[in-house]
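# Structural characterization, general
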Amino acid sequence: MTFHLVRVRSEVHSVHRRHFLGTLAASGVLPRTALSQQAPDVLTAATHRQQILPAGYPETTLWSFDAAFPGRPLRARQGDRLALDVVNDLPQPTAVHWHGLRLDNAMDGVPYLTQAPIQPGETFTYEFDLPDAGTYWYHSHAQSMEQVERGLYGPLIIDEINPPDVDQDLTLVLDDIRLNQDGTIGEFGNFHDLSHAGRIGNLWLANGQIDPAYPIKRGERIRLRLISAANSRIFTLGLAGLEGWIVALDGMPLADPQELPDQITLAPAQRMDLIVDVTTDDDEAFLITFERDGGYAIAHFPVSGAPSPKRAKPDALPANPDFPIDLQNARAATLLIEGGAMGGMRAASVDGEQLGARDLAQRGLFWALNGTAGRPEDPLLDLKLGESVRIGMANDTAFPHAMHLHGVHFAEVLPDGSLGPLRDTILLNPQETREIAFQAHNPGDWLFHCHMLAHHQAGMGTWIRVSA
């Protein structure tokens, strides 16, 4: 099923809407409520119904946090301590991962690696410090392909002690969802999703809505926080009527803001902070997603007010705590990504047993890291606290993969030997080789996996250990 959405012609100056879209207004400004309370706040995972499809279509039954899709925004200030009781009122066990946070390992939310899953009817208390400012998100890490698709995610914003001077601070959580005409969510676990590009939706959403509207004024400076909660879709995005700079990637500030290009890529789980100025003479600006057949508005911004002079380039955001990487003395490791359709995986190890392709497929396993399908018993690396490491990764498959490392941020080792900006998720295109490096500054057992969630479910996950 394909819904007729808002398409932007190639010159992105003119937009035509179908009548049923109307104008979907919503506030993108998150409340500044501190999380460092004496008693833990409560976050409840449960089912609820919400209108996602246009008016006239049925509502959709979702699994969400606090009966909101996306889950209610959580906001704190750098240096606060988060304390949350997560109540599971779902029919399945769950757990919450705080994506991109450098936090205590026991609070990372990975079932059977850092905690037991939260069973239906049970409560688990998450409590940890927030040393890093930036744009993060929280989501289920139990049966993630299904639970995240059903709505178990939300934004988590950690404000700088000295935030930048902007007129608005907007957060857009981008997603795609696969819905049927009756509003139900499509099936899970089919072999095509598991062995190909992953679960791709038929409807684009921003903050749980089709093409929401955010009023802005000419001359305003806006901090625009983009979060991809997509299961597998790689967003190619552009802005029309807004000009500016990239100031942070995956929560980590850039040392020097980069001028915003015509198109930006946001892989599953990645985030990007922009500071943009409203420069258009038109009465609307747009966030556009580019697809094979053209560009489509994923959110729009009604514009009012009189023109104003162009502003100067913004200063860099305040730096987060730094953990220098010693490339010269770093330990080296490799990670080979294999499997999937149009290439295949003839054999792989599962729980120490070597299995052929047919047996792997019967278990729903189609991907391997270093010849092992599924999280192995032994870690990819057993590192000492403070040790630096560099990992060369080769994607020997026909599909892209967004590799996410928990617990630390890494930098790409560039061809000239320098280090790129810090990230927690990196996109490897088919047949591409990349190298990352990081300092093992955070003790614990940390998951390392593909954030195309179907790929992780189908075998693409490993882990590292950092010993104090």
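Below, the structure is looked at part by part. (Residues numbered from 1 in each chain as written. Predicted model: local features only at pLDDT ≥ 70, side-chain atom pairs only at ≥ 80, totals over all residues. Heavy atoms only, no water.)

## Here we look at the overall build of the chain
Stated formally: Helix and strand definitions here come from DSSP, where helices need a minimum of 4 consecutive H or I residues and strands a minimum of 2 consecutive E residues; each element is numbered from the N-terminal end. Restricting the calculation to C-alpha atoms gives the radius of gyration, and the globule rule supplies 2.2 Å times the number of residues raised to the power 0.38. Exposure is judged per residue with a 1.4 Å probe applied to protein chains only, and the accessible area is read against the type maximum: over 50% gives exposed, under 20% gives buried, and values in between give partly exposed. A contact between two residues is defined here by any heavy atoms of the two lying within 4.5 Å. The Shrake-Rupley method, run with a 1.4 Å probe, gives the accessible areas here. Residue values count only the displayed protein chains as cover. Charge assignment: positive for Lys and Arg, negative for Asp and Glu; neither His nor the chain ends contribute. Charged side chains are reduced to one point each, which is NZ for Lys, CZ for Arg, CG for Asp and CD for Glu.
Of the regular secondary structure elements, the chain holds four helices and 36 strands. Computed over its C-alpha atoms, the radius of gyration of the chain comes to 22 Å, within 12% of the 23 Å expected for a compact globule of 468 residues. Dimensions of the chain, computed from the C-alpha atoms along their principal axes, are close to 65 × 50 × 50 Å. Looking at the chain as a whole, 59% of its 468 residues are labelled buried. Counting only contacts in the chain whose residues sit at least 6 apart along the sequence, the fraction spanning at least 24 positions is 76%. Entry remark: accessible area of the chain is about 18,500 Å², with carbon and sulfur atoms responsible for 49%. Each charge class in the chain was averaged separately, 35 positive and 58 negative side chains, and the resulting centres sit 3 Å apart.

## Some remarks on the environment of I426
Here I426 shows up in strand β33 (residues 425-428). Classification of I426 by relative accessible area gives buried; the value is 6%. Remark: the alpha-carbon pair of I426 and M393, spanning 33 residues in sequence, is separated by 11 Å.

## What about the packing of aromatic side chains?
Where we set the bar: Two rings from Phe, Tyr or Trp (for Trp, the six-membered ring) form a pair when their centres are within 6.5 Å of each other. A pair whose planes differ by under 30 degrees is stacked, one over 60 is edge-to-face, and the rest are tilted. In this analysis the charged atom, NZ for Lys or CZ for Arg, is taken to sit over a ring once it is within 6 Å of the ring centre and within 35 degrees of the ring normal.
By the definition in use, this model includes 11 aromatic pairs. Taken together, a centroid distance of 6.2 Å and an interplanar angle of 75 degrees make the contact between W137 and Y153 edge-to-face. One end of the pair, W137, is in strand β10 (residues 134-140); the other, Y153, is in strand β11 (residues 153-159), and 16 residues separate them in sequence. The pair formed by W137 and Y153 is uniform in burial state, with each residue classed as buried. The ring of F188 carries R199 above its face, with NZ or CZ at 4.2 Å from the centroid.

## Some remarks on the sheet that holds strand β31 (residues 410-413)
Sheet strands line up and pair through hydrogen bonds in the backbone, either parallel or antiparallel. The condition is simple: DSSP-based pairing: two strands are paired if at least 2 bridges between them are found. Orientation is described by lines fitted to C-alpha atoms, with helices fitted over the stretch in contact, and by angles between N-to-C directions that extend from 0 to 180 degrees.
Pairing in this open sheet of six strands is mixed, and the strands run β27-β24-β29-β34-β31-β32 from one edge to the other. Looking along the sheet, the strands with just one partner apiece sit at the ends: β27 (367-369) and β32 (419-423). Strand-to-strand twist of the sheet, defined as the mean angle between neighbouring strand axes without regard to direction, takes the value 25 degrees. Bridge analysis of strand β29 (residues 388-395) against strand β34 (residues 433-439) gives seven bridges, and the strand direction is antiparallel. Looking at the pairing, S388 lines up with Q439 of β34.

## Considerations on the pattern of salt bridges
Selection rule: A pair is scored as a salt bridge if a Lys or Arg side-chain nitrogen falls within 4 Å of a carboxyl oxygen belonging to Asp or Glu.
Under the definition given, this model contains 30 salt bridges. A salt bridge links D159 to R225; the shortest N-O distance between them is 3.7 Å. In this pair, D159 is assigned in strand β11 and R225 in strand β16 (residues 221-228), connecting sequence segments 66 residues apart. Salt-bridge contacts for R311 lead to D167; the nearest nitrogen and oxygen are separated by 2.8 Å. Of this pair, R311 sits in the loop between β23 (294-304) and β24 (331-339) while D167 sits in the loop between β11 and β12 (168-177), and the two are 144 residues apart along the sequence. Accessibility expressed as a relative area gives 32% for R311, which makes it partly exposed.

## Examining the nonpolar core
Spelled out, the test is: Here, nonpolar core refers to any group of buried Ala, Val, Leu, Ile, Met, Phe, Trp, Tyr and Cys residues whose side-chain atoms link them within 4.5 Å.
Among the nonpolar cores identified, the biggest contains 81 residues, and W98, Y126, F128, I391, M393, M403 and F438 are the most heavily contacted of them. In terms of nonpolar packing, the next biggest core, distinct from the first, is built from 31 residues, I216, L224, L249 and V278 among them.

## Section: the sheet that holds strand β30 (residues 401-405)
Strand order across the open sheet formed by five strands is β28-β36-β35-β30-β33, with mixed pairing between neighbours. Each edge of the sheet is formed by a strand with only one pairing partner; in this case those strands are β28 (381-384) and β33. Neighbour to neighbour, the strand axes of the sheet diverge by 20 degrees on average, direction disregarded. Two strands pair when backbone bridges link them, and β30 and β33 are joined in this way by four bridges, in the antiparallel orientation. Paired with H401 across the strands is L428, a residue of β33.

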